[in-house]
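Chain and residue survey
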Amino acid sequence: MLKIEIIPCLKDNFSFVIYNKINRNSLVIDPGEVEPIIYFIKKNNLKLNYILNTHHHSDHIGGNLELKKKYSLKIVGSKMDQKRIPGIDIVLNDGDIWNFENSEIEVRETPGHTIGHIYYYLKKENALFTGDTLFSFGCGRLFEGTYENMLSSLKLIKSLPHNTNIYCGHEYTLNNIKFCLSLDKENQILKKTYNEIKKKIDLNIPSIPTTLKEQISNNIFLNFDNIELKKKLKFENLDELNFFKKIRELKDQF
Ligand SMILES: [Zn+2]
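Sequence order sets the numbering: in each chain, residues are counted from 1 along the sequence as written. Only residues with pLDDT of at least 70 are given local features in this predicted model, and only at 80 or more are side-chain atom pairs given and counted; all residues enter the totals for whole chains, interfaces and linings. Side-chain descriptors were evaluated using all non-hydrogen atoms of the structure, hydrogens and water having been removed beforehand.

Details of the packing of aromatic side chains
Pairing of aromatic side chains here covers Phe, Tyr and the six-membered ring of Trp, requires ring centres within 6.5 Å, and sorts the geometry by plane angle: under 30 degrees stacked, over 60 edge-to-face, intermediate tilted. Under the defined criterion, the tally for this structure stands at 14 aromatic pairs. Ring geometry for Trp-98 versus Phe-100: centroids 6.4 Å apart, planes at 5 degrees, classification stacked. For Phe-100, a relative accessible area of 2% translates into the label buried. Taken together, a centroid distance of 5.0 Å and an interplanar angle of 70 degrees make the contact between Phe-135 and Tyr-172 edge-to-face. On the criterion of sequence distance, the pair formed by Phe-135 in strand 11 (residues 134-135) and Tyr-172 in the loop between strand 13 (165-168) and helix 5 (173-183) is long-range, its members being 37 residues apart. According to the relative accessible area criterion, Tyr-172 is partly exposed, its value standing at 31%. A network of ring pairs unites the aromatic residues Tyr-147, Phe-179, Phe-221, Phe-244 and Phe-254 as a single cluster. We count a charge as sitting over a ring when the NZ of a lysine or the CZ of an arginine lies within 6 Å of the ring centre and within 35 degrees of the ring normal. Just above the ring of Tyr-71 sits the side chain of Lys-70; from NZ or CZ to the centre is 5.7 Å. Between Lys-158 and the ring centre of Phe-224, over which it is positioned, the NZ or CZ distance is 4.5 Å. Note on exposure labels: buried denotes an accessible area under 20% of the residue type's maximum, exposed denotes more than 50%, and partly exposed covers the range between, all computed with a 1.4 Å probe on protein chains only. A helix here means a DSSP run of H or I that spans at least four residues, while a strand means a run of E at least two residues long, and both kinds are numbered starting from the N terminus.

Written out as structure tokens, the structure is:
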């Protein structure tokens, strides 16, 4: 079983170091910058073998070339982003299984935020790395893809086991819950969750991982099929796609 460590980077990004506790082999997902990664690798006496990128944005690939030079590692990403991820060595396609230290990592395309966005799913570790597709109580902005793209990406994530731990690319949780509460005003679970997470953030503790179960219950962007919620928000006339579109537009203005 691999160990997963959350490494806060830049202003509100998350990188993740995943490592084998016995032989110290490791990989890093989305190194936004180098210093915090090098610090963690040194402190824990790890060998950094790979970088995995979820998409091409600079706050996710910023550390690629410097880390590649320092550790002679290989960079892994989507075939779709072959021309946009600096230093890429290994390209993966939708549905590919990539092996790291006897753990299978499933890659699926999740377009919407960007066209070439992918997720990494570690079945054995019960962990999903969603990049900027799904956030805790939110979802990514649509920079390149369509609403249809993003909705089908969220549906794909929703089809995974509900006890999956979700590791996303940014610490946006509090603001996301505020947005959900601006629409679903009397949601007591959201209010309680907000207070719990506020305490964590005040202590500099990341709000993630969350679980898919928690997100399906109260992340408004995963509730495009929730008729009760639509009624409550007076959007009962909107189908799944138009409901999702409406909510995403409201969030863009929030
Ligand atoms: Zn991004």
